[in-house]
Structures are given as structure tokens and as C-alpha cells.
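In case you want the letters, here they are:
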Amino acid sequence: MMRIGHGFDVHAFKPGNHIVLGGVQIAHTHSFEAHSDGDVLIHAICDAILGALAMGDIGKHFPDTDAQYTNIDSRILLRDIVKLMQAQGYQLGNLDSTIVAQVPKMAPHIAAMVANIEADLQLEPGSVNIKGKTNEAIGFVGRQEGIAVTSVALLYRA
Ligand code: CDP
Ligand code: ZN
């Protein structure tokens, strides 16, 4: 029994000095506008898993109107969703994500992001892939107004 899910998220930049992606703090000229830590990669991954489970989206499970989620580490939300997935009898097969960012450069940080996410998902090395792409300097990503992430997850019931 296999199920596939897709996730997408965008966060806008505001003046700041770092962003957090996949639990990795990356020095930058801006930070993310967000209720949580703004980890747009983790949010897209949460939505891919919830999508595969046909259980809605991250906002349904962790409303941004709820003060307990203010500035929360998004990895806590991801680990909660893993518990939800396991309670439904599913395990994660593999996961693939694309970070669409004109800046900053993702390549130096990908290995650390993969390690964090594989740990949170309780997966063997080689189960998670993360890619960085620019938006060829066009559109909101190209104008460096924010970052978009897409993610696909395959779940299976053993
Ligand atoms: O060459 P192509 O148009 O496919 O990709 P690109 O958007 O020009 O990005 C080239 C390479 O830069 C990617 O394959 C990533 O390895 C890297 N990259 C990155 O590390 N961080 C980004 N924010 C964007 C791209
Ligand atoms: Zn988000």
C-alpha cells in the first residue's frame, strides 16, 4: 500500500540576518516573515506527508492564530506529523524537495539539511534528497522577495 503527497510553501523575506531551512541556520541579508521560524523547506515537507495521508495541511494541524506556535522550531511540527503518520500505520519511503531561491546559495548547506530531516523522519541515509535552484532572476523569487519550496513524499504501509 503506497501513497504519494505533494507540498508547496513560500515565505517572504524581511530585513534580518539569517534564515532557517531544514533546521540549518544560514547567514543572509534577510530573514523570513513568519509566525513560526519560517522554515519553508520543513513546511513543504510537512504538507507533502499530510497530503499523502489525505489529512489536509500544516495550517489545519498547527493554526498560525494559535500563540503556542509563535516562533516555534518547525522541526517540532515535522516530528509531530511523523507521529501522526505512524499512528495511521504508514512509513516514509523517500522524499524529494526543491528549494527555489535566487539567494542565498544552498549547496553548502544541503548535507546538513538532509541529515536533520532524515533524523526527524527516522530514515536511513539516502532517503531524502534536497535540491537548490535559482529562478533565473525572474518573478518574486528572482527579485529576491522570498523563497519557494516544493516537496514530494512517498509513504508505504509495511
Ligand atoms: O543550471 P540550472 O538552471 O538548472 O540551475 P540554476 O538555478 O542556475 O542553479 C545552478 C546550481 O546552483 C544548482 O544546481 C544548485 O546546485 C546551485 N544552487 C544553489 O546552491 N543555491 C541556490 N539558491 C540556487 C542554486
Ligand atoms: Zn511556511
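See the structure shown above.
Our subject in this report is the structure included herewith. (Residues numbered from 1 in each chain as written. Chains lettered and ligands numbered in written order. Predicted model: local features only at pLDDT ≥ 70, side-chain atom pairs only at ≥ 80, totals over all residues. Heavy atoms only, no water.)

A few points about the site of ligand 1
Alright, step 1. Around ligand 1 sit A101, P104, K105, M106, A107, G132, K133, T134 and E136, and those are all the residues in its vicinity.
Alright, step 2. K105 has a polar side-chain atom sitting 3.3 Å from an oxygen atom of ligand 1.
Alright, step 3. One of the side-chain N or O atoms of E136 is found 2.8 Å from an oxygen atom in ligand 1.
Alright, step 4. Alone, ligand 1 offers 530 Å² of accessible surface; in the complex the protein occludes 61% of this.
Alright, step 5. Classifying every residue of the shell around ligand 1 gives four nonpolar, two polar and three charged. (Near = heavy atom within 4 Å. Polar contact = N/O pair within 3.5 Å; in protein donor to acceptor, adjacent residues only side chain to side chain. Areas by Shrake-Rupley, 256 points an atom, 1.4 Å probe, with all protein chains shown as cover. Nonpolar A, V, L, I, M, F, W, Y, C, P; charged D, E, K, R; others polar.)

Things to note about the pairing of strand β2 (residues 18–21)
Alright, step 1. Here four bridges tie β2 to strand β3 (residues 24–27), and the two strands are oriented antiparallel to one another. By the bridge assignment, I19 is partnered in β3 with I26.
Alright, step 2. Adjacent in sequence and paired antiparallel, β2 and β3 are bridged by two residues, among which G22 carries a positive phi angle near 60°. (Pairing = 2+ DSSP bridges. Helix = DSSP H or I, 4+ residues; strand = E, 2+ residues; numbered from the N terminus.)

Observations regarding the pattern of salt bridges
Alright, step 1. Enumeration over the complete set of coordinates arrives at five salt bridges.
Alright, step 2. With a closest N to O distance of 2.7 Å, R75 and D120 form a salt bridge. Separated by 45 residues along the polypeptide, R75 in helix α3 (residues 74–87) and D120 in helix α4 (residues 110–120) bring together distant segments of the chain. Across the pair, exposure class does not vary: R75 and D120 are buried alike.
Alright, step 3. Residue R79 is joined to D120 by a salt bridge in which the shortest nitrogen-to-oxygen separation is 2.8 Å. In this pair, R79 sits in helix α3 while D120 sits in helix α4, placing the two residues 41 residues apart along the sequence. (Salt bridge = Lys/Arg side-chain N within 4 Å of Asp/Glu carboxyl O. Buried < 20%, exposed > 50% of the residue type's maximum accessible area, 1.4 Å probe, protein only.)

Some details on the environment of V114
Alright, step 1. Looking at the secondary structure, you find V114 in helix α4.
Alright, step 2. For V114, a relative accessible area of 15% puts it in the buried group.
Alright, step 3. In sequence terms V114 and I72 are 42 residues apart; their C-alpha atoms lie 20 Å from each other.
Alright, step 4. The residues touching V114, leaving out its near neighbours within four places in the chain, are V128 and I130. (Contact = heavy atoms within 4.5 Å.)

Digging into the nonpolar core
Alright, step 1. Judged by nonpolar contacts, the single largest core of 45 residues is most densely connected at L21, I49, I99, L121 and I147.
Alright, step 2. If you list the elements that add at least two residues to this core, you get β2, β3, α1 (40–52), α3, β5 (91–100), α4, β6 (128–133) and β7 (146–156).
Alright, step 3. With 10 residues, α1 is the largest single contributor of residues to this core. (Core = buried A, V, L, I, M, F, W, Y, C linked by side-chain atoms within 4.5 Å.)

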